[in-house]
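# Report on the structure
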Amino acid sequence: MPTTAVNALVEALPYVQQWSGQIVVVKYGGAAMTRPELAEAVTEDLVLLRAVGVHVVLVHGGGRMVSEMGARLGLTTKFVDGLRITDPETMRIAQQVQIGGISRDIVAAIGRRGGQALGVSGHDIGGWLRAQPKQHRDSSTGEQVDLGRVGEVTSVSTGILRALIERQVIPVIAPVAVDDALQSLNVNADSVATAVATALGAARLIFLTDVDGIRGPDGVPVPELDAATVRAWMADGTVSGGMRPKAEACLTALDGGVGRVTIADGRVPHALLVELLTDAGVGSMIRSG
Ligand code: ADP
Ligand code: MG
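Residues numbered from 1 in each chain as written. Chains lettered and ligands numbered in written order. Predicted model: local features only at pLDDT ≥ 70, side-chain atom pairs only at ≥ 80, totals over all residues. Heavy atoms only, no water.

What follows is about the pattern of salt bridges. Side-chain pairs of opposite charge can arise whenever the charged atoms involved come near each other. This model, assessed by the stated rule, comprises 12 salt bridges. Arg-35 serves as the salt-bridge partner of Glu-37, at 3.1 Å between the closest nitrogen and oxygen. On the basis of relative accessible area, Arg-35 is assigned to the partly exposed category, the value being 37%. Look at the salt bridges and you will find they share partners, linking Lys-27, Asp-190 and Lys-246 into a network. (Salt bridge = Lys/Arg side-chain N within 4 Å of Asp/Glu carboxyl O. Buried < 20%, exposed > 50% of the residue type's maximum accessible area, 1.4 Å probe, protein only.)

What follows is about the sheet that holds strand 1 (residues 23-28). Spatially, 5-10-2-1-13-15-16-14 is the arrangement adopted by the eight strands of the open sheet, whose pairing is mixed. On the outer flanks of this sheet lie strand 5 (117-120) and strand 14 (224-226), each paired with one strand and no other. Each neighbouring strand pair of the sheet contributes to a mean axis angle of 20°, computed without reference to strand direction. Sheet strands touched by helix 3 (residues 36-51): strand 1, strand 2 (55-60), strand 10 (170-173) and strand 13 (204-209). Its angle to strand 2, the strand with the most contacts, is close to 150°. Against the sheet, helix 9 (residues 227-235) makes contact with strand 14 and strand 16 (283-287), and its axis sits at roughly 80° relative to strand 14, the strand it touches most. (Pairing = 2+ DSSP bridges. Helix = DSSP H or I, 4+ residues; strand = E, 2+ residues; numbered from the N terminus. Axes fitted to C-alpha atoms, helices over the stretch in contact; angles between N-to-C directions. Contact = heavy atoms within 4.5 Å.)

Here it is as structure tokens:
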């Protein structure tokens, strides 16, 4: 083994000791998910982190792939304030793409690298991830909009996740929850990651995305910022689009007691290892203060 590789391993030791035995929830989305070479690197990171004792839990997104499949089947996607209106047919496609497709591919990729994973969605074990239909008022008209099968998480029953963690199996969670009748509800994967991290009392929550962090009014990404700044930037529109639910999810996670919350640049190969096992950062860390 070349000396540099040995040195890198030795330098990683204190970080391995810090995070080994801790629960780390990773939200996997954006570019890291759609570019094959980046997806491969994420798989390697998860398996390596698991091998050194880090209890990784993965929550994946898939909105773009759901839209693509919907378009291929001739469905038109309607959005209100960036929220997808999910009719029953779209819900079925979302479920098939996310649980039948994306989850399976990730579980298999982890297996090919010698790791063990199990795909779960809200339906399993009597409905471990529950949600209720999300209420929304159109920001321009102020009127109540029926978003269809769009949910917000109401409860997380962690038994299945803890059982997998104890057996060194990586839970791979699709962002589909169930209502009281165990019917599917599509939930933003960022908020699923927060709900899961909070329920598990995770030490860290890392959102892999396709930007270099939260950008300020000058367009420059900020390596570290506090909750008050995030709130101000949400109010004045500096944080918009898909970063809004993500920022909201970060704040809720900090309120819920998650130790450290980071938005990491998933376009950087091995961003997870850089984030967890080196002193470099690849995005923005949000402080609760
Ligand atoms: P993901 O697939 O990881 O959930 P999203 O597309 O939903 O990613 O959200 C990230 C996007 O949010 C960025 O690509 C960017 O276009 C947008 N965005 C809006 N405001 C900001 C901001 N202040 N800083 C960084 N990204 C922002
Ligand atoms: Mg998003």
